Amino acid sequence: MLIFIIFIMHSHGLYDIAILNGIVIDGCGNPWFKANIAIKDGIISAISKHEVFKADRIIDANGLIVSPGFIDIHSHSDVTLLVDPLAESKVMQGVTLEVVGNCGSSAAPVMGDFAINRMLRRLSEYNLNLTWSSVDEYLSIMEGNGVSINVAMLVGHGQIRSCVMDFEARSPSLSELEEMKAILKESLEDGAFGMSSGLVYAPGRFAKTEELVELCKVVSEYNGLYATHIRGERETIIDALNEAIYIAEKSGVRVQISHHPPKIGAFGKSIETLRIIEEARKRGLDVACDFHPYIAGSTSLSALLPAWAQEGGLNKIISRLRDPDLRTKIKEDMILEPIPGPGPCGLIKRGLWNMIYLSECNRNRDLIGMNFEEIAKLRGVDPFEAYFDILLEENLSGSIMGFYYDENDIRNVALSPFSMVGSDGYALSPRGVLFKEAAHPRSYGTFPMVIRKYVKGESRSELNYDCGSKIMSLETAIMKMTSIPASRLSIFDRGLIREGFWADIVIFNYDLISDTATYFNPQSFPKGIEYVIVNGVIVVDKGVHTGLKPGKVLRHKPLFMKY
Ligand SMILES: [Zn+2]
């Protein structure tokens, strides 16, 4: 009996997991150090250079980098995490927390016929039922399902607006504005970390600055973050950035400029935009930004239409596209572009349909991966007609991918001390309904790619226009993926390797780490990520997803520093 007890004591350690002999990069930007880490009950319990911890599970991290789990501050997985909570494309990159609800679009709240019908259409692609209305209900459903990574949510301004005033291209009445504020307040009480806006998309683009100021005052009361896809990222980027800074000034809100590197029409402007952000910070305005390392972006198929053509939503847009005179008018406006649209519109304006690829759709799957010049040729029509026809055939759903970034601007933004990494992608899976044959590779590769491209300086010939350059240390890159985004979110118990912090940890092989996804074969997990631990539970074990769902659905605690 005694021997048995001694055996138990020896085989079962004091801790749940011990990570031994690793090269620790703590997330602060500090130089690496060698240490052992012990995890108990989800928490980093001890860090020691000498003590060899005993634990139920020992991970020998000899020669491997031990880093805080990556935080994806800009994600669109609101619905896909409900479809498949394993979040494979994210967690296999080392992501342990992602922020959904960006660019003005969130899966909650859903109120009013217009917003309900719009959400039902979105969910029907995945055979999901709409079983929530408020942010609280949405988050509770995700909690009930379980999820492999931690999730935080922003509430979308466009979503709130569509609940109150559909897709109407006008300012809200006083009572409508009050209603929007009340919904926003409730969403923040329910745990949203702030509000996002998408001011080149309907319905966000119909909002004037003052509407956003009024709403951001509410966000500011809750110390929330205002993450904005600004009103123009191309020719009008300076005005659009100044609008975001004005909103910070008038409302006191903290502002996150989403996927900041300028798009076609504003190449080279990052020097000026970063200077403007720096000056705003000197004036005490808390403005920062995020970026991904790809020179292609992606957006919905219908987002390329001019603002007026998107007013009123689905049925109205469809009837406009069926009217030959209005088609001509839409085409003219897409060329003249009195109000610059999102990035890919800059390609259209320049006749570069060959740089815009159909990346997602239901009824024309044979065309996925082709660019619109090729599609037009195949159909014997001009690219505009091909685009309009496909929109109708797809009932306005579907996505495009376009090459509209410039590498120099991405590097400038990446090097800025107030930038951080955000994928702008989705949690996907290479199987089932989340298999997207031509989805943007950022959903699978963003974080390893930053290390491969900007720390190791390696290029991948199979990734179009890829151009690696050693521009930052591994410590800096990791800081931009961990402690900086955690601090932006006012999350003060994640994002660092520290005793007492949640054990969200990624362990990777520096020599091997690389993205493997390409623009035309994106369903490919990265290399070199050996272990991913979420809240003290191993979700990726020797490169394989364990199927466990230890993620927490985080709810923002409004009072500053009360974590
Ligand atoms: Zn966006």
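Rules and cut-offs
- Residues numbered from 1 in each chain as written.
- Predicted model: local features only at pLDDT ≥ 70, side-chain atom pairs only at ≥ 80, totals over all residues.
- Heavy atoms only, no water.
- Donors = N, O, S within 2.8 Å, 3.2 Å for Na, K, Ca; no water.
- Helix = DSSP H or I, 4+ residues; strand = E, 2+ residues; numbered from the N terminus.
- Buried < 20%, exposed > 50% of the residue type's maximum accessible area, 1.4 Å probe, protein only.
- Domains from an automatic or database assignment.
- Contact = heavy atoms within 4.5 Å.
- Buried area = accessible area lost by both parts, 1.4 Å probe.
- Salt bridge = Lys/Arg side-chain N within 4 Å of Asp/Glu carboxyl O.
- Polar contact = N/O pair within 3.5 Å; in protein donor to acceptor, adjacent residues only side chain to side chain.
- Axes fitted to C-alpha atoms, helices over the stretch in contact; angles between N-to-C directions.
- Parallel < 35°, antiparallel > 145°, perpendicular 65-115°, else oblique.
- Left-handed = near helix turned anticlockwise from the far one by under 90°.
- Nonpolar A, V, L, I, M, F, W, Y, C, P; charged D, E, K, R; others polar.
- Phe/Tyr/Trp six-rings, centres within 6.5 Å; stacked < 30°, edge-to-face > 60°.
- Pairing = 2+ DSSP bridges.
- Core = buried A, V, L, I, M, F, W, Y, C linked by side-chain atoms within 4.5 Å.

S.K.: Any chance you could explain the coordination of the zinc ion here in plain terms?
M.R.: A metal bound by six donors in octahedral fashion has ideal angles of 90 or 180 degrees, whereas one bound by four tetrahedral donors has an ideal angle of 109.5 degrees. Binding of the zinc ion to the protein goes through Cys103 (SG), His229 (ND1) and His259 (NE2), at separations of 2.1 to 2.3 Å. For the zinc ion, the single-chain donor residues occur in sequence as C-x125-H-x29-H. Of this pair, His229 sits in strand E11 (residues 225–229) while His259 is found in the loop between strand E12 (254–257) and helix H10 (270–282), placing the two residues 30 residues apart along the sequence. Classification of His229 by relative accessible area gives buried; the value is 3%. Judged by relative accessible area, His259 falls into the buried class, the value being 4%.

S.K.: It is not clear to me how the domain arrangement of the protein chain should be interpreted in this structure. Could you clarify?
M.R.: Bring the parts together and some accessible area is lost; that lost area is often taken as the interface size. The domains assigned to the protein chain are domain 1 (70–298 + 406–442) and domain 2 (299–403). On a C-alpha basis, the centres of domain 1 and domain 2 stand 23 Å from each other. With 28 residues of domain 1 at the contact, the number on the domain 2 side is 34 residues. Buried surface at the junction of domain 1 and domain 2, summed over both partners, amounts to about 2400 Å²; 56% is from carbon and sulfur atoms. For the domain 1 face of the interface with domain 2, the top three residues by lost area are Arg205, Arg234 and Ile264, together amounting to 24%. Linking domain 1 to domain 2 there are two salt bridges. The salt bridge partner of Glu235 is Arg350, with a shortest N-O separation of 2.9 Å. Viewed at the interface, domain 2 and domain 1 are joined by nine residue pairs in polar contact (both at pLDDT 80 or more). Of all elements in the fold, only helix H4 (113–124) and strand E14 (296–300) reach the threshold of two or more residues within the side of domain 1 that touches domain 2.

S.K.: Sorry if this is basic, but what is going on with the packing of helix H9 (residues 237–251) against H10 here?
M.R.: When two helices pack together, their arrangement is given by the angle between their axes and by how far apart the axes lie. Look at H9 against H10: their axes get within 10 Å of each other, and the N-to-C directions meet at 15 degrees. Comparing the axis directions of H9 and H10 gives the class roughly parallel. Pair H9 / H10 crosses with right-handed handedness. Here Ile237, Ile238, Leu241, Asn242 and Ile245 of H9 lie close against H10, whose contacting residues are Glu272, Thr273, Ile276, Ile277 and Ala280. Looking at the contact of H9 with H10, its residues break down into seven nonpolar, two polar and one charged.

S.K.: Sorry if this is basic, but what is going on with the packing of aromatic side chains here?
M.R.: How two aromatic rings sit relative to each other is given by the distance of their centres and the angle of their planes. Scanning the entire structure with this criterion turns up 18 aromatic pairs. Where Tyr294 meets Tyr519, the ring centres are 6.1 Å apart and the plane angle is 75 degrees; that geometry is what we call edge-to-face. Remark: Tyr519 occurs in the loop between strand E18 (505–508) and strand E19 (529–534) and Tyr294 occurs in the loop between strand E13 (287–291) and E14; sequence separation between them is 225 residues. The class for Tyr519 is buried, based on a relative accessible area of 1%.

S.K.: Help me understand the sheet that holds strand E17 (residues 419–421) in this model?
M.R.: Strand pairs in the sheet, formed through backbone hydrogen bonds, run parallel or antiparallel to each other. Spatially, six strands are ordered E9-E10-E11-E12-E13-E17 in an open sheet, and the strand pairing comes out parallel. Either end of the sheet is taken by a strand with one partner, and the two such strands are strand E9 (155–156) and E17. Where E11 lies against E12, four bridges are found, and the strand directions are parallel. Bridging across to E12, Tyr226 finds its partner in Val255.

S.K.: I tried to follow the packing of helix H12 (residues 314–322) against helix H13 (residues 324–336) on my own but got confused; where do I start?
M.R.: Running from N to C, H12 and H13 cross one another at 100 degrees; their axes reach a closest spacing of 5 Å. Taken together, the axes of H12 and H13 lie roughly perpendicular to each other. Taking contact as the criterion, the partners of Arg320, Leu321 and Arg322 in H12 are, on H13, Pro324, Leu326, Arg327 and Ile330. Split into classes, the residues belonging to the contact of H12 with H13 amount to four nonpolar, no polar and three charged.

S.K.: Hey, could you run me through the side chain of His260 in this one?
M.R.: Topologically, His260 is positioned in the loop between E12 and H10. A polar side-chain atom of His260 sits 2.8 Å from a polar atom in the side chain of Thr273. With residues up to four places along the chain from it excluded, the contact list for His260 reads Ile237, Thr273, Leu274, Ile277, Cys289, Asp290 and Val413.

S.K.: Got a minute to help me understand the nonpolar core in this structure?
M.R.: When a protein is soluble and globular, its nonpolar side chains tend to lie buried together. Formed by 161 residues in total, the largest nonpolar core has its most connected members in Tyr138, Phe372, Tyr387 and Phe508. The element contributing the most residues to this core is H9, with eight residues. Domain assignment of the residues forming this core places at least three in each of domain 1 (70–298 + 406–442) and domain 2 (299–403). Core analysis: the second largest hydrophobic core is formed by 20 residues, Ile17, Ile39, Val66 and Ile505 among them.

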